[in-house]
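Close look at the chain arrangement
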Amino acid sequence: MRTWLTTHLLDLPTVGARIESLAGLSSVTGGPGAKLTWTRARAGVFRSEFATTGTPDQIDTCDLITLPYPTKMGLSRASSAIAPFLAITNRMLVIRWTDSGGAKRVMLFEPSDHSLGSNTPYFAALAKKVPGFLKSITVRAHGDVLSHLHRLGISPDEVDYLVFDHLHTQDLRRWLGTTRPQADLGGTVTAAFSRARVIVQRDELLAMADLHPIQRPWYQPATYADLDPSRFLAIDGSVLIAPGLALVATPGHVHGNQTLVVNTSTGIWASSENVIAAECLTPEHSRLPGVAAWARSWGQEAILNANTIEATADQYNSIVLEKTLVDVSQRDPK
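In what follows, the accompanying structure is described. (Residues numbered from 1 in each chain as written. Predicted model: local features only at pLDDT ≥ 70, side-chain atom pairs only at ≥ 80, totals over all residues. Heavy atoms only, no water.)

1. Details of helix H10 (residues 291-298)
Here H10 has its buried residues at Val291, Ala292 and Ala295. Taken end-on, H10 shows its buried residues confined to a sector of 100°, consistent with a single buried face. Opposite its buried face, H10 presents the exposed residues Ser297 and Trp298, each directed more than 90 degrees away. One or two steps after H10, the chain reaches Gly299, where phi turns positive at roughly 65°. (Buried < 20%, exposed > 50% of the residue type's maximum accessible area, 1.4 Å probe, protein only. Helix = DSSP H or I, 4+ residues; strand = E, 2+ residues; numbered from the N terminus. Arc of directions from axis to C-beta.)

2. Observations concerning the side chain of Asn317
As for its position among the elements, Asn317 is in helix H11 (residues 312-325). On the accessibility criterion, Asn317 (7% relative accessible area) is buried. Among all residues touching Asn317, those that are not within four sequence positions of it are Pro32, Lys35, Leu36 and Thr39. (Contact = heavy atoms within 4.5 Å.)

3. Things to note about the sheet that holds strand S3 (residues 85-98)
Strand pairing in a sheet takes place through backbone hydrogen bonds and is either antiparallel or parallel in direction. The strand order across the open sheet built from seven strands is S5-S2-S3-S4-S6-S7-S8, with neighbouring strands paired in mixed fashion. On the outer flanks of this sheet lie strand S5 (140-141) and strand S8 (232-235), each paired with one strand and no other. Inspection of the sheet shows strand S2 (residues 58-70) paired to S3 by 12 bridges, in the antiparallel sense. By the bridge assignment, Pro68 is partnered in S3 with Ala87. Each of S2, S3 and strand S4 (104-109) is contacted by helix H7 (residues 145-152), which is oriented at about 155° to S2, the strand it contacts most. (Pairing = 2+ DSSP bridges. Axes fitted to C-alpha atoms, helices over the stretch in contact; angles between N-to-C directions.)

4. Some points on the side chain of Ser286
Within the secondary structure, Ser286 is located in the loop between strand S12 (267-271) and H10. Residue classification places Ser286 among the buried residues on the basis of a relative accessible area of 9%. Engagement of the side chain of Ser286 in a polar contact is seen with the side chain of Glu279, the distance being 2.4 Å. When sequence neighbours within four positions are dropped, the list of residues in contact with Ser286 reads Glu279, Val291 and Ala292. (Polar contact = N/O pair within 3.5 Å; in protein donor to acceptor, adjacent residues only side chain to side chain.)

In structure tokens, the structure reads:
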């Protein structure tokens, strides 16, 4: 991975238009509190701009898998629940739009290959401790990436972009193909997505080239060694991809975290793994044991997803950015 990145990373092409209203965080003078003030103000500016850019043609939500996740990580220190695990559902978003030249475009957000993702060191170690009968109860597959696309009438060859908020657990070999044989996959892998490119923050690729010990349980860097680097588009910070479609830099959960932001007929929505449930953005309304009391006691407006605590204050600030950008749900004002 280090050789792949050090050879190609700085020359990778990019995509999208830089969002100027969200640029400049690194130059803010002061500590995390000053950055929080800046973030809240600038998010409000971008929100007003973004709402006027238009909307994608269509967005579909596809459930992939429900699996257990440690309560102490997903709800940080806020929960007093006895249960050691939560059930979380991973979902893929399929976003379609028409570009300025009239071409139809397709982006997949969080198209995780969960069968290969299970080899992630943390989850592989956890699986060894969980009895088989318990796995059958706690893990539920809803559908894979390719079957969902087939149901939607989308050919894999029509997909332009693959995007993840960050690359924890991701093994992309079956999606992008490999340049050399893979012992565990039976040879050289042909790409399921023949022309799709992965949009990723350059900061995360840099981090993966030399992982810190607290990062290692969550990544599979060796699986990137035989990927074609031309299949990646590296971005630096927040960019507008299309009308009503943006990727916003939200560092903290990982240094190169990014949040999908979409403008729709029901308002502005955002998605990332900075939190594991919408109510973690509004903990004052939560009925999970201890969460509302924790937020009230410490004056905190968000509960972090805390599996990899790379930069806790930055992650909190990024969550506030997300909260400021989005609209209140029409179905549930909480």
